[in-house]
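Spelled out from the first residue to the last, the chains are:
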Amino acid sequence: MFQLYKKRNFGELVSDTFEFLKLHGKNYFKNYFIINGPLLLLLVISLYFLTKVYFEGIFSTITIRDNNPNGLINHMFNNMWVFMGLGILLIITILLVSIVNYTYPVSYLKLVESRTETTTENILKIMKLKLGRTIIFFLASIVIFIPLLIILGFLMFLLVFIIIGIPLLFIFIPTIMSWMILSYYDYISTENGYFQSLGNAFEIIKKKFWPIVGSTVTMYIIVQVVVGIITFIPYSIFLASMFTDIDASNTDQTFTTMSVVLSAVMVISIILNYTLQNLIFVNQGIIYYSVKEEEENNSIKSDIDLIGKDGE
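Residues numbered from 1 in each chain as written. Predicted model: local features only at pLDDT ≥ 70, side-chain atom pairs only at ≥ 80, totals over all residues. Heavy atoms only, no water.

Within this structure, the stated rule accounts for eight salt bridges. Residue Arg8 is joined to Asp16 by a salt bridge in which the shortest nitrogen-to-oxygen separation is 2.5 Å. The exposure classification of Arg8 matches that of Asp16, with both residues buried. In the salt-bridge network here, residues are joined through shared partners; they are Lys6, Arg8 and Asp16. (Salt bridge = Lys/Arg side-chain N within 4 Å of Asp/Glu carboxyl O. Buried < 20%, exposed > 50% of the residue type's maximum accessible area, 1.4 Å probe, protein only.)

Structure (structure tokens):
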């Protein structure tokens, strides 16, 4: 059984994330795809066709036969209802997938904390129970958190021009990411109000700033490297082969193939990003429970409960 309540330093925040996945990974991702799989499939379908139509419009402007500078504009107007329909479907699906992506790890760790069986039914029960608070958090964040991010991001952008802003960006981005996720953990795991959860998450980050920021950056880099290796290398090989073997007499077929491949690569990248985001969310959950342990010594209570269960 994985011990959530435990005092951890930077190295343990990272290593225990992988230890958790080693113990629970198979069950975790099985339930994840059962719950989020249909939405991810809908996202894949709408994204694939939207990008495919878009790339076909781009390539229509550079084909030798058509060579029409207004090809993309004409293509978009001719397929306006397709773009609008797929675009609306894509936005709705992204919102739903994002909500599940945020709520699923919190619900799963909540079951691990209470030593309840991590079945699909139990996970969905918590997610449904917290649905109202989830919607409130997302709506409140759009009104409050997003504008704050825009203002702070603009200030960081200005600081880039005096060089000091460049290293600050590497601190600012993971800090804000961690603040938002930890706020959500606190808001869903407790009955605290929105602003109270923001404040609690801010205090958590203040207490262990460098270990938290360091582990967040580490997990983010791991996710991006994995996504990059899986998508960029095959994509580069394909483009290299296309441009070395390009047949001027069959340009339409060449660009059609390119549009399909580019759309497929984008779809794979999106799916990988959503799936591997779980590493970051699990890591933030371990941070949350670690700091809670330092404040409340919950491991003692957990050990007593465990002894009681073992004695039954």
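This is not the end of the story, as more comes after the structure.
Let us now look at the confidence of the model for the protein chain. Per-residue pLDDT for the protein chain has a mean of 82; in total, 77% of the residues score no lower than 70. Per-element averaging of pLDDT across the protein chain places helix H10 (residues 298-310) at the bottom with 55 and helix H4 (residues 120-129) at the top with 94. (pLDDT = per-residue confidence, 0-100. Helix = DSSP H or I, 4+ residues; strand = E, 2+ residues; numbered from the N terminus.)

Take the side chain of Ser183 next. Considering the arrangement of structural elements, one finds Ser183 in helix H6 (residues 165-189). The residues touching Ser183, leaving out its near neighbours within four places in the chain, are Phe137, Ser197, Leu198 and Ala201. (Contact = heavy atoms within 4.5 Å.)

Within the fold, Thr17 resides in helix H1 (residues 10-60). Setting aside residues up to four positions removed in sequence, Thr17 forms contacts with Glu12, Met219, Leu279, Val282, Asn283 and Ile286.

Let us now look at the packing of helix H3 (residues 80-113) against H4. Relative to each other, H3 and H4 sit at 120°, their axes nearing to 9 Å. As H3 runs across H4, the sense of the crossing is right-handed. Only Asn122, Ile123, Ile126 and Met127 of H4 make contact with H3, whose side of the interface consists of Val100, Thr103, Tyr104, Ser107, Tyr108, Lys110 and Leu111. Taken together, the residues that form the contact of H3 with H4 break down as seven nonpolar, three polar and one charged. (Axes fitted to C-alpha atoms, helices over the stretch in contact; angles between N-to-C directions. Left-handed = near helix turned anticlockwise from the far one by under 90°. Nonpolar A, V, L, I, M, F, W, Y, C, P; charged D, E, K, R; others polar.)

Here we take up a nonpolar patch on the surface. A contiguous nonpolar surface patch, about 880 Å² in accessible area, is contributed by Leu131, Ile135, Leu139, Ile142, Val143, Ile144, Ile146, Ile150 and Phe195. The biggest single contributor to the nonpolar patch is helix H5 (residues 131-160), with eight residues. One can find Leu131 in helix H5. Judged by its relative accessible area of 45%, Leu131 is partly exposed. (Patch = residues over 30% accessible without salt bridge, like charges linked within 9 Å, V, L, I, M, F, W, Y side chains within 5 Å. Areas by Shrake-Rupley, 256 points an atom, 1.4 Å probe, with all protein chains shown as cover.)

If you look at the biggest cluster of nonpolar residues, it comprises 67 residues, and the most contacted ones within it are Phe20 and Tyr104. Secondary structure elements with two or more residues in this core: H1, H3, H4, H5, H6, helix H7 (194-207), helix H8 (209-244) and helix H9 (251-296). Once you skip the residues sitting within four places of it in the chain, Tyr104 turns out to touch Asn27, Tyr28, Asn31, Tyr32, Ile35, Ile123, Met127 and Asn278. (Core = buried A, V, L, I, M, F, W, Y, C linked by side-chain atoms within 4.5 Å.)

Once that is clear, we can look at unusual backbone geometry. We note that Arg115 has phi near 55°; this positive angle belongs to a residue other than glycine. Relative to the assigned elements, Arg115 resides in the loop between H3 and H4.

This part covers the environment of Tyr108. By the element assignment, Tyr108 lies in helix H3. The class of Tyr108 is buried, set by a relative accessible area of 0%. In this structure the C-alpha to C-alpha distance between Tyr108 and Gly285, which are 177 residues apart in sequence, comes to 10.0 Å. Not counting residues within four places of it along the chain, the set of residues in contact with Tyr108 comprises Phe20, His24, Asn27, Tyr28, Asn31, Thr118 and Ile123.

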